[in-house]
Amino acid sequence: MKVYTRKGDDGTTGLLYGSRVGKDSAGQPVFLRDLWPSSAEVDAAVRSAVSPESYHRLYGRAAEENPLWDDIPAGSGKVYSWDEASTYIQEPPFFDRFSMTPGDVCDVKGARSLAIFGDSVTTDHISPAGAIKKESPAGRYLQERGVAPEDFNSYGSRRGNDRVMTRGTFANVRIRNLMVPGEEGGVTVYQPHGERMPIYDAAVKYQAAGVPLIVFAGQEYGSGSSRDWAAKGTRLLGVRAVVAQSFERIHRSNLVGMGVLPCQFREGTTAKSLGIDGSETFDLAGLEAGIRPRGEVRLTIRRADGSSQEVPLLARIDTPIEVDYYRNGGILPFVLRQLVG
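The shown structure was predicted, so the numbers you read here are calculated from the model rather than taken from an experiment.

Details of the packing of helix 9 (residues 228-236) against helix 10 (residues 249-257)
In the contact formed by helix 9 and helix 10, the axes pass within 9 Å of each other and the chain directions differ by 40°. Accordingly, the angle class assigned to the pair helix 9 and helix 10 is oblique. Here helix 9 runs over helix 10; the crossing is right-handed. Here Ala230, Ala231 and Thr234 of helix 9 come into contact with helix 10, specifically with His251, Asn254 and Leu255. In terms of residue class, the contact of helix 9 with helix 10 is made up of 3 nonpolar, 3 polar and no charged.

What follows is the structure in C-alpha cells.
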C-alpha cells in the first residue's frame, strides 16, 4: 500500500490510498479507485439492464416449473422432525441432559490416553475427511444401515450425521499414534488389556466403563484449516483434555468451545521426556479450585509399576469469556442458556 497526495480542483491537497495501476498523460499516478465506477453509475447500469418485468417473466412461475423439487416431501411445524433412519443427518447429542444450571467443573481422575501424537498433527489428520473406507468404523456403521459401499459418499457429505463423523475422527490413514509404533491410521491400544483396535472402538469401550480420556501431542497441534469437526469429534469421543507442547490458535479456541481443556507442557517437557507410553492412568487436578485464564493445573502420571509423577501444565484457556465457555460445558450450552435466560 502506498500513500500519494493529489491536488483537487478546489486547490486543496489530500491523501490517496490504494494500489497504483499506472500513470496518466501528465505523469500523475492512477489508482483503481479512479477507474472504478461510482455507486450512481452502478445503479444506472443496473436500471438500464434489469426491470421488474424481467423478474416477473423469468421467475414468476418458478414454483410451478420445478415438479421434481415440489415432489420432495417436506414436514411442517416449528421444530425439525428428526428421522432416525437417515444416514445423512441426525440430532447431535450436544444438548443431551441440558439444564439451565451448568454442572460443576471437576478434576479429571483415572483417565487413559486415547492417543499420543508427535509434532504437526493437523486438523486434516484429526477431522473426518475424504472417502469413507468399507472396513472403517464409519463404513461398518453405514453398511449396518443398508448403505452399499458404492453409496457411502464422503465424510463431508455426511457431516450432518454425528454418528458418521465421530467414527471418522482421528481415522486419517496417515495419522501416527505413537502408542502403536510403526503403524499408520486411526488405531490405538485399549488399556489395561493391551488390545489394538480403531480409536473409535476404544473410545466407546472407555466411555462404557466411565473412563475419561486424554490426548497427548507435540508442537503445533491442530495446525492447518479451521475444521469444526476436529474439535466436535474429539469431544464426542469422550476426550476431556488435550495436552500438547503448543497449539494452533483457532483449534485451541475450538477445543475450549467444545468443552475440551487444552493444556500445554512447560518448556522442556514433552510426553516423550516423561516416558508416557499409554499404559499409564492420569489425574488432572486444579480444575475444581477454579479455572482462570492461563492458570496452572497438575497432571499426575500413575505408572503400571506403581510409581507416580506430578507435572505442572498451563491451562490454555486464555480469556475470561473462554472460562465461561468451559464452565458451561462449551459455547453451545453457554449461548443457549444466555438465550433462554
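Next comes the rest of the write-up.
Description of the pattern of salt bridges
Applying the stated rule across the entire model yields 18 salt bridges. Of the charged contacts, one joins Glu144 and Arg145 as a salt bridge, the two residues approaching to 3.5 Å between their closest N and O atoms. Each of Arg252, Arg294, Arg316, Asp318 and Glu322 takes part in a single network of salt bridges with overlapping partners.

Digging into helix 8 (residues 199-208)
Taken as a whole, helix 8 has its buried residues at Ile199, Tyr200, Ala202, Ala203 and Tyr206. Down the axis of helix 8, the smallest arc covering the buried residues is 160°, so these residues share one side.

So, the nonpolar core
Counting 40 residues, the largest nonpolar core has Leu114, Phe117, Phe170 and Tyr221 as the members making the most contacts within it. Where this core is concerned, the elements lending two or more residues are strand 5 (108-116), helix 6 (137-144), helix 7 (162-167), helix 8, strand 8 (213-216), helix 9 and strand 9 (239-244). In terms of residue count, helix 8 provides more of this core than any other element does, 5 residues in total. Apart from residues lying up to four places away in sequence, Leu114 is in contact with Asn177, Met179, Thr188, Ile199, Ala202, Ala203, Leu213, Ile214, Val215, Leu237 and Val239. Membership of the second largest hydrophobic core comes to 33 residues, among which are Ile116, Met179, Leu274 and Ile317.

Focus on the state of the cysteines
Scanning the entire structure with this criterion turns up 0 disulfides. Take Cys106: it sits in no disulfide, and the sulfur closest to it among the cysteines is that of Cys263, at 15 Å. Look at Cys106 and you get partly exposed, because its relative accessible area is 38%. Judged by its relative accessible area of 0%, Cys263 falls in the buried class.

Examining the layout of surface pockets
The calculated volume of the largest pocket comes to roughly 1200 Å³. The wall of the largest pocket is formed by 38 residues, among which Asp96, Arg97, Arg235, Met258 and Gly329 lie closest to the centre. Secondary-structure elements contributing two or more residues to the lining of the largest pocket are helix 7, helix 8, helix 9, strand 9, helix 11 (320-327) and helix 12 (331-340). If you go around the second largest pocket, you meet 26 residues; those closest to its centre are Lys133, Ser136, Ala171, Asn172 and Val173. Here the lining of the second largest pocket is composed, by residue class, of 13 nonpolar, 8 polar and 5 charged.

Things to note about unusual backbone geometry
Leaving glycine out, the prevailing phi sign among residues is negative, and the prevailing peptide bond configuration is trans. Of note, the bond from Gln191 into Pro192 is cis; its omega dihedral lies within 30 degrees of zero at 15°. By secondary structure assignment, the location of Pro192 is in the loop between strand 6 (187-190) and strand 7 (195-198). Of note, Arg97 is a non-glycine position whose phi angle comes to about 55°, a positive value. By secondary structure assignment, the location of Arg97 is in the loop between helix 4 (67-70) and strand 5. We classify Arg97 as exposed; its relative accessible area is 80%.

Conventions used here
- Residues numbered from 1 in each chain as written.
- Predicted model: local features only at pLDDT ≥ 70, side-chain atom pairs only at ≥ 80, totals over all residues.
- Heavy atoms only, no water.
- Axes fitted to C-alpha atoms, helices over the stretch in contact; angles between N-to-C directions.
- Helix = DSSP H or I, 4+ residues; strand = E, 2+ residues; numbered from the N terminus.
- Parallel < 35°, antiparallel > 145°, perpendicular 65-115°, else oblique.
- Left-handed = near helix turned anticlockwise from the far one by under 90°.
- Contact = heavy atoms within 4.5 Å.
- Nonpolar A, V, L, I, M, F, W, Y, C, P; charged D, E, K, R; others polar.
- Salt bridge = Lys/Arg side-chain N within 4 Å of Asp/Glu carboxyl O.
- Buried < 20%, exposed > 50% of the residue type's maximum accessible area, 1.4 Å probe, protein only.
- Arc of directions from axis to C-beta.
- Core = buried A, V, L, I, M, F, W, Y, C linked by side-chain atoms within 4.5 Å.
- Disulfide = S-S within 2.5 Å.
- 1 Å grid on protein atoms, 1.4 Å probe; cavity = no way out; pocket = protein on both sides within 12 Å on 5 of 7 lines; lining within 4 Å.
- Points joined across faces, edges and corners; volume = space filled by probe spheres on them.

Keep in mind that these numbers describe shape and distance, not what the molecule does.
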